[in-house]
Amino acid sequence: MRGRRVAVKSCLPRSGASWVGGGVAVEDQPDVSAVLSAYNQQGDPTLYEEYYSGLKHFIECSLDCHRAELSQLFYPLFVHMYLELVYNQHESEAKSFFERFHGDQECYYQDDLRVLSSLTKKEHMKGNETMLDFRTSKFVLRISRDSYQLLKRHLQEKQNNQIWNIVQEHLYIDIFDGMPRSKQQIDAMVGSLAGEAKREANKAKVFFGLLKEPEFDVPLDDEDEEGENEEGKPKKKKPKKDSGGSKSKKQDPNAPPQNRIPLPELKDSDKLDKVMNMKEAARRVRLGPECLPSICFYTFLNAYQGLTAVDITDDSSMIVGGFADSTVRVWSVTPKKLRSVKTAADLSLIDKESDDVLERIMDEKTASELKILYGHSGPVYGTSFSPDRNYLLSCSEDGTVRLWSLQTFTCLVGYKGHNYPVWDTQFSPYGYYFVSGGHDRVARLWATDHYQPLRIFAGHLADVTCTRFHPNSNYIATGSADRTVRLWDVLNGNCVRIFTGHKGPIHSLAFSPNGRFLATGATDGRVLLWDIGHGLMVGELKGHTDTVYALRFSRDGEILASGSMDNTVRLWDAVKAFEDLETDDFTTATGHINLPENSQDLLLGTYMTKSTPVVHLHFTRRNLLLAAGAYSSQ
């Protein structure tokens, strides 16, 4: 949603948020010539450097409290003034302007500036997506009323119309009442392709609670009866997980209505699996600073095919690798081998009434530790097991998402909707639904029995690089190369949260088991923590020196594990990271809080691999941490 065009008056209303220079709403697929014609306003090209340096001098000489906020103007003004010069064919002035001022911009805009420096002629601008995005999506700046009034007064006194026009036409200034923000607060939140998120974008209600679990008794097996039930009771109720745990019997007040979105009904096999899960949970290790998990690392040796994706089943019985040679390889990580179902002719001979019919339908002759799935025609960038372990998803550079049967190890469906590479895919925690995201900048929601997507989530300004379902399956988080994370409502396809703060493309997402928090990792090596209900950043974990490709919370949410291209797994104290959140801070009209510099206090351990970048992490049902990656000899 873009704001409407509002005339700027000297006396602005005293409400908490005011919008200035909103601009006309532009369709998602703008007419290129119409978009660029906005640069027609002719200013004297020789004065652009003077205008910019004049504003720069004014901001650098203003009081410290205003300088940090007003410095946010440098980058968007620099880009728009440069593009205006190029569009109006003042090529030498544009080159001189770029060379003089590009060094003043923040380091996290270097990649964008590299693209910009290649746009030196009017013709170059027409096919450049980054440029069109910059032009059509207003760059959002969050500035206190005092700083804004200071800027406005300066520009009007100097009659600096060229800059004032750009401010009104291309920027969206989100004004708040209260103290100006510090440089540190601003730096934590900026860096995305389109500036910060408008505060309004994070105000919608989000049902982040968990759905109520169906209740059924858990029969104890002999082993359990001996160990845990000396009184010899035949059954015991489902062991209640602790409050930090993921699922509980009581209805969560923040949970969505149970029937908000249609979810598949539990099959008998699902109930059996839940019983197994509960038994495992009863033996789960309680993790914490004094009790760190053991880490078991699966290294893919001689992976000359190029390992590009990994997933592990929830019960930790199978691991899958997606490879650059377009194959998908599934391994059993237990002594139980992988078997296919018998042929139709053999199945017809089986007694369907026998108790062990599920065992009889499997063909022992096909038993092996590894199955290779052929079908994609490009590198496989994402893989995901279904919760019931009957299906596997894979997505590829070839633009398709494929659904494979783990009963027959064959491809059942190829979903075609993305026209470009698909970077990630993931099954819903309840099965049936899955999400995919790709180079076409959109994420799509699918159901296994529909060959068309059910929802298309559009809004990112660059590739959707990673996708994750919320534990209650009502929301989907997407990370993008536009350096933002968005949360989407599955019910209606609306974007309900926009998180900015990363300085590079986002490559990993993880929801806490209780559904309240989201952790995100990116090429900037930082892990950021977000409170979903309030829509605010609540933590920043620094330590990794390269892209964070894997994030996972332990089963009860006490520990966050992060894995990176820097060949390390790091463990963080999640309880401590989230415990001291002051709700008073949340309610401040400015929409930001002070982030503590406590990465070192929260870091519980760093574990080096010899030379293996970490691409996947998984906590078993008993809280053993599994990590995976391909050994790299460089």
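Cut-offs used in this document
- Residues numbered from 1 in each chain as written.
- Predicted model: local features only at pLDDT ≥ 70, side-chain atom pairs only at ≥ 80, totals over all residues.
- Heavy atoms only, no water.
- UniProt positions renumbered as here; feature names shortened; annotations may be inferred.
- Helix = DSSP H or I, 4+ residues; strand = E, 2+ residues; numbered from the N terminus.
- Contact = heavy atoms within 4.5 Å.
- Areas by Shrake-Rupley, 256 points an atom, 1.4 Å probe, with all protein chains shown as cover.
- Salt bridge = Lys/Arg side-chain N within 4 Å of Asp/Glu carboxyl O.
- Buried < 20%, exposed > 50% of the residue type's maximum accessible area, 1.4 Å probe, protein only.
- Polar contact = N/O pair within 3.5 Å; in protein donor to acceptor, adjacent residues only side chain to side chain.
- Phe/Tyr/Trp six-rings, centres within 6.5 Å; stacked < 30°, edge-to-face > 60°.
- Lys NZ or Arg CZ within 6 Å of the ring centre and 35° of its normal.
- Pairing = 2+ DSSP bridges.
- Axes fitted to C-alpha atoms, helices over the stretch in contact; angles between N-to-C directions.
- Core = buried A, V, L, I, M, F, W, Y, C linked by side-chain atoms within 4.5 Å.
- Arc of directions from axis to C-beta.

Under an unreviewed UniProt entry, the name given to the chain is Transcription initiation factor TFIID subunit 5, and the source organism is Columba livia. Looking at the Sequence similarities (unreviewed entry) heading of the UniProt record, one finds this comment for the chain: "Belongs to the WD repeat TAF5 family." Listed under Subcellular location (unreviewed entry) in UniProt, the entry text for the chain is "Nucleus".

A. Here's a closer look at the overall build of the chain. A tally of helices and strands in the chain yields 18 helices and 34 strands. In the chain, the proportion of contacts linking residues at least 24 apart, taken out of those at least 6 apart, comes to 62%. Within the structure as shown, the chain displays about 28300 Å² of accessible surface, and the carbon and sulfur contribution to it stands at 50%.

B. View of the pattern of salt bridges. As enumerated under the stated definition, the model contains 31 salt bridges in all. Among the ionic pairs, aspartate 177 bridges to arginine 145, the shortest N-O distance being 2.5 Å. With aspartate 177 in the loop between strand 3 (171–176) and helix 11 (183–189) and arginine 145 in helix 9 (residues 145–157), this pair connects stretches of sequence that are 32 residues apart. Exposure remark for aspartate 177: the relative accessible area of 21% places this residue in the partly exposed category. On the basis of relative accessible area, arginine 145 is assigned to the buried category, the value being 5%. A network of salt bridges, in which partner residues are shared, links Asp273, Asp314, Asp315, Arg389, Arg555 and Arg621.

C. Geometry of the environment of serine 332. Tracing the chain through its elements places serine 332 in strand 9 (residues 328–332). The contact partners of serine 332, leaving out residues within four places of it in the chain, are Ser317, Leu338 and Glu369. Within the local environment of serine 332, its side chain forms a polar contact with the backbone oxygen of threonine 334, the two atoms lying 3.0 Å apart.

D. Quick peek at the packing of aromatic side chains. The final tally for this structure, using the stated rule, is 25 aromatic pairs. Taken together, a centroid distance of 4.5 Å and an interplanar angle of 50° make the contact between tyrosine 52 and phenylalanine 101 tilted. A residue pair is termed long-range when its members are at least 10 positions apart, and tyrosine 52 in helix 2 (residues 48–61) and phenylalanine 101 in helix 5 (residues 91–101) qualify at 49 residues. On the accessibility criterion, tyrosine 52 (1% relative accessible area) is buried. Put simply, the rings of Tyr52, Phe74, Phe78, Tyr82, Phe97, Phe98 and Phe101 touch in pairs and so form one group of aromatic residues. One Lys or Arg, lysine 371, reaches over the ring of phenylalanine 409 and ends 5.4 Å from the middle of that ring. Above the face of the tyrosine 108 ring, lysine 503 is positioned so that its terminal group lies 5.2 Å from the ring centre.

E. Structural context of the UniProt feature "repeat: WD" (unreviewed entry) in the chain. Annotation from UniProt places "repeat: WD" (unreviewed entry) at residues 300–341, 373–408, 415–446, 457–498, 499–532 and 541–573. Annotated as 0% helix and 56% strand, the span residues 499–532 places its first and last C-alpha atoms 10 Å apart. The distance separating the terminal C-alpha atoms of residues 541–573 is 10 Å; by composition the span is 0% helix and 58% strand.

F. Main features of the sheet that holds strand 23 (residues 484–489). Within the open sheet, the 4 strands sit side by side as 21-22-23-24. Their pairing is antiparallel. The strands lining the two open edges of the sheet, one partner per strand, are strand 21 (464–469) and strand 24 (495–500). Strand-to-strand, the axes of this sheet are offset by a mean angle of 20°, without reference to chain direction. As judged from the 5 bridges shared by strand 23 and strand 24, these two strands associate in the antiparallel manner. Within strand 24, the position partnered with leucine 487 by the bridge is arginine 497.

G. Just the nonpolar core, in detail. The biggest cluster of nonpolar side chains holds 47 residues, and the ones touching the most others in it are Leu73, Phe78, Phe97 and Leu116. Ranked by residue count, the leading element in this core is helix 4 (residues 74–87), at 11 residues. In contact with leucine 116, other than residues within four places in its own chain, are Phe78, Val79, Tyr82, Leu83 and Phe98.

H. Structural context of the pairing of strand 2 (residues 139–144). For strand 2, a buried count of 6 out of 6 residues is recorded, marking the element as mostly surrounded by other parts of the structure. Burial along strand 2 is two-sided: Phe139, Leu141 and Ile143 facing one way and Val140, Arg142 and Ser144 facing the other are all buried. Where strand 2 lies against strand 3, 6 bridges are found, and the strand directions are parallel. Residue pairing in the sheet places leucine 141 in a bridge with isoleucine 173 of strand 3.

I. Just the side chain of threonine 327, in detail. Relative to the elements of secondary structure, threonine 327 occurs in the loop between strand 8 (318–323) and strand 9. Owing to a relative accessible area of 5%, threonine 327 belongs among the buried residues under this scheme. Within polar-contact distance, the side chain of threonine 327 engages the side chain of arginine 329 at 3.2 Å. When residues no more than four places from it in sequence are discounted, the contact partners of threonine 327 are Gly321, Gly322, Ile372, Leu373, Tyr374 and Val380.

J. Region of interest: helix 6 (residues 110–117). All buried positions along helix 6 are accounted for by Asp112, Leu113 and Leu116. Taken end-on, helix 6 shows its buried residues confined to a sector of 100°, consistent with a single buried face.

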